[in-house]
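# An overview of the molecular structure
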Amino acid sequence: MTITMYGITNCDTIKKARVWLESHDLPYRFHDYRAEGIEAGKLNGWVGKVGWEKLLNKGSTFRELPEADKQGLDEKKAKALMLAKPTMIKRPVLEIGDRVVVGFKPEVYEQTVGK
């Protein structure tokens with residue numbers, strides 16, 4: 001089973017998820033949005049599996065946007081925002097084979113990848 005975790009290094013939720021995976025002896029590859037960005041095809045695949053609403057992080061980066069950028073939010077606009085500023089993608093995103101898990105909840109990780 002190949003696990004890839006997507007996020008940013010200094011995110012507290014990422015840190016918790018990494019500790020959880022490591023404490024369960026689950027190897028993973030970490031993809032840092034800030035260093036590596038995110039490809040449109042990858043984001044489209046996630047949106048197709050979990051929906052843009054679940055992926056869009058309306059935290060500080062989103063709140064700092066001009067009002068015009070937040071108005072009329074739909075899939076196309078949300079994807080453009082996430083591609084332009086990958087920190088607007090909720091963290092972490094875990095790819096486990098063809099499955100996608102968004103966010104960190106220990107019970108969900110246990111069901112999905114726990115040993």
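Going by the structure above, here's the rest.
In this report, the structure presented in the accompanying data block is examined. (Residues numbered from 1 in each chain as written. Predicted model: local features only at pLDDT ≥ 70, side-chain atom pairs only at ≥ 80, totals over all residues. Heavy atoms only, no water.)

### Re the overall build of the chain
Within the chain one finds eight helices and four strands. Ordered by position from N to C terminus, the α and β elements of the chain give β-α-β-α-α-α-α-α-α-β-β-α. The C-alpha radius of gyration of the chain comes to 14 Å, within 12% of the 13 Å expected for a compact globule of 115 residues. For the chain, the spread of C-alpha atoms along the principal axes amounts to about 45 × 25 × 25 Å. Buried positions account for 46% of the 115 residues belonging to the chain. Counted over contacts in the chain with a minimum sequence separation of 6, partners at least 24 positions apart contribute 62%. Of the roughly 6400 Å² that the chain leaves accessible, carbon and sulfur atoms contribute 49%. (Helix = DSSP H or I, 4+ residues; strand = E, 2+ residues; numbered from the N terminus. Rg over C-alpha atoms; globule rule 2.2 N^0.38 Å. Buried < 20%, exposed > 50% of the residue type's maximum accessible area, 1.4 Å probe, protein only. Contact = heavy atoms within 4.5 Å. Areas by Shrake-Rupley, 256 points an atom, 1.4 Å probe, with all protein chains shown as cover.)

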